[in-house]
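As a plain string of letters, each chain reads:
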Amino acid sequence: MTVISLPDRSWIDLVGPVEGVEVVQWDLSGDAPRQDEITFVVPPYLGSPRWERLGKLPGLRVVQLLSAGYDNVLEALPAGVLLANAGGVHDASTAELAVALTLSSLRGIPEFVAAQARSQWLPPESRQSLADKRVLILGYGGIGVAIARRLSGFEASLTAVATRARAGDDLVPSVHGVGELASLLPEQDVVILILPLSDATEGLVDRDFLASMPDGSLLVNVSRGKVVDTSALVEATRSGRIRAALDVTDPEPLPPDHPLWQTPGVLISPHVGGATSAFAPRAVALLREQIAAFAGESPLRNVVNAH
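Below or above, wherever it landed, is the structure these notes cover. Since this is a predicted model, take the numbers as computed values, not measurements. (Residues numbered from 1 in each chain as written. Predicted model: local features only at pLDDT ≥ 70, side-chain atom pairs only at ≥ 80, totals over all residues. Heavy atoms only, no water.)

### Structural notes on the overall build of the protein
Step number 1: Summing up its helical and strand segments, the protein has eight helices and 13 strands in all.
Step number 2: By the compact-globule yardstick of 19 Å for 307 residues, the protein fits well, its C-alpha radius of gyration being 21 Å.
Step number 3: Projecting the C-alpha coordinates of the protein onto the three principal axes gives extents of approximately 65 × 50 × 35 Å.
Step number 4: Split into buried and exposed, the 307 residues of the protein put 47% on the buried side.
Step number 5: Looking at the protein alone, contacts between residues at least 24 apart form 54% of all its contacts between residues at least 6 apart.
Step number 6: Accessible surface computed for the protein: about 14900 Å², of which carbon and sulfur atoms make up 52%.
Step number 7: Across the protein, the mean location of the 24 positive side-chain charges is 3 Å away from that of the 35 negative side-chain charges. (Helix = DSSP H or I, 4+ residues; strand = E, 2+ residues; numbered from the N terminus. Rg over C-alpha atoms; globule rule 2.2 N^0.38 Å. Buried < 20%, exposed > 50% of the residue type's maximum accessible area, 1.4 Å probe, protein only. Contact = heavy atoms within 4.5 Å. Areas by Shrake-Rupley, 256 points an atom, 1.4 Å probe, with all protein chains shown as cover. Lys, Arg positive; Asp, Glu negative; His and termini not counted. Charge placed at Lys NZ, Arg CZ, Asp CG, Glu CD.)

What follows is the structure in structure tokens.
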């Protein structure tokens, strides 16, 4: 009998029984029940799990995340343990938010909401349209493709950038390598970040990056806060030269006295890219598939490391 752990009773109920599998409840906050027998762990989706407790499971073989990002997990993983992320689970929700933040910023929705709270009818003013805008998607993986697919109906011009250049798809004629950014950024009206956090991407969006963006352009971050140099972003947005729409920040949560809260042209949502009604059913489908594959000794999806 394969013994696995799920983080709480709600996940146990949602996943339901899987043949040949026994499920125990464990959220990594204390010692695991049956810790000598657990071989497959699903940590909580939110919060700060005590990753070091994984080292107390002598038979552990797989950690299955409920998030797409896996920064801070790999270094805490015991040797020989596979890590799988929730690739595909958050694609639709995060792509929707990227488009929503882009449209909200361009059309001035935050100003309308603030005016409504004052019962104020704002005078007519021309707003930016997404139509005809040049949009660069930095990070062309599953979520990046989902963003491009949703933007394709808005009559915008799309440019995709990934770690390495490669052939395009039905959405973009080609995918540029990250080394081409310096020449691409000056030609973009909107830059959408959907990068994983790594040594190579931390602080990638620095003063030089932001300075390369045209006056009046928009930076949208739905990836990780540390991808952006916050001090540089504060400078660039305070000056009014560019705007920003952020679902993630560094630090996070953003302290109440942080200048980004009060900077005109900055729109902030509280890291809710994947937190929608689409999450649970897609996550449950993935967990059932992964648990059954593991129990049947079949290959797993979304493995992000190797032995």
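### Observations concerning the environment of A162
Step number 1: Position of A162 relative to the elements: it lies in strand β7 (residues 157–162).
Step number 2: We classify A162 as buried; its relative accessible area is 11%.
Step number 3: Taking the C-alpha atoms as reference points, A162 and A131, 31 residues apart in sequence, are found 24 Å from one another.
Step number 4: Apart from the residues within four sequence positions on either side, A162 is in contact with Y140, V175, H176, G177 and V178.

### Structural notes on the nonpolar core
Step number 1: Of all hydrophobic cores here, the largest spans 30 residues; its most connected members are V135, Y140, I147, L151, I192, V220 and V222.
Step number 2: Counting residues per element, the ones that place at least two in this core are α2 (91–107), β6 (134–138), α4 (142–151), β7, β10 (190–193) and β11 (218–221).
Step number 3: If near-sequence neighbours (up to four positions away) are discounted, Y140 is found in contact with V145, A148, A160, V161, A162, R166, D169, L171, V172 and V175.
Step number 4: Grouped together as the second largest cluster of nonpolar side chains are 28 residues, L184, L210, V227 and A236 included. (Core = buried A, V, L, I, M, F, W, Y, C linked by side-chain atoms within 4.5 Å.)

### Let's talk about the pairing of β7
Step number 1: Burial of β7 is extensive: five of the six residues sit out of reach of the surface.
Step number 2: Crossover β6 to β7 through α4 is right-handed.
Step number 3: Of the pairings in the sheet, the one linking β7 to strand β9 (residues 174–177) comprises three bridges and is parallel in character. Across the sheet, residue A160 finds its bridge partner in β9, namely V175. (Right-handed = clockwise from strand over helix to strand, strands pointing away. Pairing = 2+ DSSP bridges.)

### A word on the packing of α2 against α4
Step number 1: Contact geometry of α2 with α4 gives a least axis separation of 8 Å together with a crossing angle of 50 degrees. Overall, the two elements α2 and α4 adopt an arrangement that is oblique. The hand of the α2/α4 crossing is right-handed. Each of D91, A92, T94, A95, E96, A98 and V99 in α2 lies in contact with α4, whose residues at this interface are G142, I143, A146, I147, R150 and L151.
Step number 2: Of the residues in the contact of α2 with α4, the class split is eight nonpolar, two polar and three charged. (Axes fitted to C-alpha atoms, helices over the stretch in contact; angles between N-to-C directions. Parallel < 35°, antiparallel > 145°, perpendicular 65-115°, else oblique. Left-handed = near helix turned anticlockwise from the far one by under 90°. Nonpolar A, V, L, I, M, F, W, Y, C, P; charged D, E, K, R; others polar.)

### Concerning the sheet that holds β11
Step number 1: Reading across from one edge, β8-β9-β7-β6-β10-β11-β12-β13 is the order of the eight strands in this open sheet, with mixed pairing throughout. Edge positions in the sheet fall to β8 (166–167) and β13 (266–268), since each has one partner strand and no second.
Step number 2: Across four bridges, the pairing between β11 and strand β12 (residues 243–246) is parallel. Bridging from a neighbouring strand, L219 pairs with A244 of β12.

### Thoughts on unusual backbone geometry
Step number 1: Along the chain, D250 connects to P251 via a cis peptide bond; the corresponding omega equals 10 degrees.
Step number 2: Counting through the fold element by element, P251 comes out in the loop between β12 and β13.
Step number 3: Cis rather than trans, the peptide bond between E252 and P253 has omega equal to 0 degrees.
Step number 4: Following the sequence through the fold, P253 ends up in the loop between β12 and β13.
Step number 5: Even without glycine at this site, E155 takes up a positive phi of about 60 degrees.
Step number 6: Tracing the chain through its elements places E155 in the loop between α4 and β7.
Step number 7: Note on E155: relative accessible area 61%, which makes it exposed.
Step number 8: Residue E297 is not a glycine yet carries a positive backbone phi of 60 degrees.
Step number 9: Structurally, E297 is set in the segment after α8 (279–295).

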